[in-house]
Amino acid sequence: MLSFFLSDANFWFSCALGIVAALFVMEVVGTLMGVSLLGLADDQVDFDADADASAGSLTALASWLSLDRLPLMVWLVILLTSFGIIGILTNMVSQSAIGGHFPVFIVVTISVIAALIITARFGGAIARLLPKHESSATSSEQLVGTVGHITVGTARTASPAEAKFLDAFEQPHYLLVEPIEPKDIFQQGDKVVLVKKQHHSWLATRYIEL
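As the structure is a prediction and not an experimental result, all values here were calculated from the model.

Visitor: Explain the overall build of the protein chain to me, please; I cannot follow it from the model alone.
Guide: In terms of regular secondary structure, the protein chain is built from eight helices and five strands. Secondary structure of the protein chain in N-to-C order comes out as α-α-α-α-α-α-α-α-β-β-β-β-β. Evaluated residue by residue, the protein chain yields a buried proportion of 36% over its 210 residues. In the protein chain, the proportion of contacts linking residues at least 24 apart, taken out of those at least 6 apart, comes to 62%. Carbon together with sulfur atoms contributes 67% to the accessible area of the protein chain, which is approximately 12300 Å² in total.

Structure (C-alpha cells):
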C-alpha cells in the first residue's frame, strides 16, 4: 500500500495530503506554544469590498470559491484534501479496472476541477460551522484602535513581530505589527494599539494604561 501512495502516479496527490498533515502538526505545535500559525496566515488575506470594477471578475471568482467566507488555511486544507483524495481514488479505480493508471496530467486536471467544485459547493456550509467565521468579516477599519499584545519576536520599524488581538466577536487575530514611532521597540508581552494597516503589516503604538 505504501508503494502505491509513493508511486509516480500518486506523487502530487500524496504531496497534497502531506501538506495537510504538516499544517495540522504546525497548528498543534503552535497551539501548545500559545501561537496560532494558521490564524496568522488567515488574517493576512483581505478582500476589499470596495475594489474597482476591473477586479470584479476576480472578486466574483473568489466568492464562488468561498474564499471570502472561509479562513485561508481552512479553505486550503479543504482544497488540498479533496485534490489528494480524488486523485488517489481515481488511480485506485483505474488500477482495478484496467490494471494501470491514466496519464498523470489527465488525473491531475480532473482532480483540480473536482476539488475546486467541492470546495466551492461545501465552503459556505463549512463556514457556518466555524466559530471564527464571524471574525473573518471584520474589516481593517473595525480593528483600528484594538488593544493586543506581542506574542512572538521583537517589533521595530520595518521589522514587524506577531501580536494577538481580539475583535468585537471575541475572536483572535494574529497580525504582524511594527511601531509607528521610529525609535520605539515592542518586546514580547508589550501591549499595543492598532493604528493603521499597511500592505504586509500594521502600524501600532504602545498602549498606556491610565
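Visitor: Please explain the packing of aromatic side chains as it appears in this structure.
Guide: Each aromatic ring pair is specified by the distance between its two centres and by the angle formed by the two planes. Applying the stated criterion to the full structure yields two aromatic pairs. Both rings, one in Phe-11 and one in Trp-12, keep their centres 5.1 Å apart while their planes meet at 75°; by these two values the pair is edge-to-face. For Phe-11, a relative accessible area of 43% puts it in the partly exposed group. Given the relative accessible area of 52%, Trp-12 is considered exposed. Consider the rings of Phe-13 and Phe-83, whose centres lie 5.0 Å apart with planes at 50°: the pair is tilted.

Visitor: Just checking my understanding: could you explain the sheet that holds strand E2 (residues 161-166) for this structure?
Guide: Sheets are built from strands paired through backbone hydrogen bonds, the pairs being either parallel or antiparallel. One closed barrel holds the five strands; their spatial order is E1-E2-E3-E5-E4, and the pairing between them is mixed. Strand-to-strand twist of the sheet, defined as the mean angle between neighbouring strand axes without regard to direction, takes the value 55°. With four bridges connecting them, strand E1 (residues 147-152) and E2 associate as antiparallel partners. Its bridge partner being in E2, Ile-150 is matched across the sheet by Ala-163.

Visitor: Where do I start with the nonpolar core in this structure?
Guide: Soluble globular proteins: nonpolar side chains tend toward being buried together. The biggest cluster of nonpolar side chains holds 15 residues, and the ones touching the most others in it are Phe-13, Trp-75 and Phe-83. When contributions to this core are tallied by element, the ones reaching two or more residues are helix H2 (11-33), helix H5 (72-98) and helix H6 (104-129). With residues near it in sequence (within four places) discarded, Phe-83 still touches Trp-12, Phe-13, Ala-16, Val-108, Ser-111, Val-112 and Ala-115. Of all hydrophobic cores here, the second largest spans 13 residues; its members include Ile-150, Ala-161, Leu-194 and Ala-204.

Visitor: Any chance you could explain the side chain of Thr-146 here in plain terms?
Guide: Position of Thr-146 relative to the elements: it lies in the loop between helix H8 (140-143) and E1. Engagement of the side chain of Thr-146 in a polar contact is seen with the backbone oxygen of Leu-143, the distance being 2.7 Å. Contacts of Thr-146, omitting those with residues within four sequence positions, involve Phe-165, Leu-166, Val-192, Val-193 and Leu-194.

Visitor: For this particular structure, what's the right way to read a nonpolar patch on the surface?
Guide: A cluster of nonpolar side chains, Ile-98, Phe-102, Phe-105, Ile-106 and Ile-110, forms an exposed patch at the surface whose accessible area comes to about 510 Å². With respect to the helices and strands, Ile-110 occurs in helix H6.

Visitor: What's the story with the pattern of salt bridges in this structure? I'm lost.
Guide: Two side chains carrying opposite charge are able to pair once their charged atoms lie near each other. Inspection of every chain in the model, using the stated rule, returns two salt bridges. The shortest N-O distance in the salt bridge between Asp-184 and Arg-206 comes to 2.9 Å. Pair noted here: Asp-184 is in the loop between strand E3 (172-179) and strand E4 (191-197) and Arg-206 is in strand E5 (residues 202-206), with a separation of 22 residues, a long-range link. Accessibility expressed as a relative area gives 17% for Asp-184, which makes it buried. A relative accessible area of 31% places Arg-206 in the partly exposed class. Arg-206 serves as the salt-bridge partner of Asp-190, at 3.2 Å between the closest nitrogen and oxygen. Placement of Asp-190 in the loop between E3 and E4 and of Arg-206 in strand E5 is noted, with a sequence separation of 16 residues between them. One network of salt bridges, with partners in common, ties together Asp-184, Asp-190 and Arg-206.

What counts as what
Residues numbered from 1 in each chain as written. Predicted model: local features only at pLDDT ≥ 70, side-chain atom pairs only at ≥ 80, totals over all residues. Heavy atoms only, no water. Helix = DSSP H or I, 4+ residues; strand = E, 2+ residues; numbered from the N terminus. Buried < 20%, exposed > 50% of the residue type's maximum accessible area, 1.4 Å probe, protein only. Contact = heavy atoms within 4.5 Å. Areas by Shrake-Rupley, 256 points an atom, 1.4 Å probe, with all protein chains shown as cover. Phe/Tyr/Trp six-rings, centres within 6.5 Å; stacked < 30°, edge-to-face > 60°. Pairing = 2+ DSSP bridges. Axes fitted to C-alpha atoms, helices over the stretch in contact; angles between N-to-C directions. Core = buried A, V, L, I, M, F, W, Y, C linked by side-chain atoms within 4.5 Å. Polar contact = N/O pair within 3.5 Å; in protein donor to acceptor, adjacent residues only side chain to side chain. Patch = residues over 30% accessible without salt bridge, like charges linked within 9 Å, V, L, I, M, F, W, Y side chains within 5 Å. Salt bridge = Lys/Arg side-chain N within 4 Å of Asp/Glu carboxyl O.

Interpretation note: all reported values are geometric properties and have no functional meaning in isolation.
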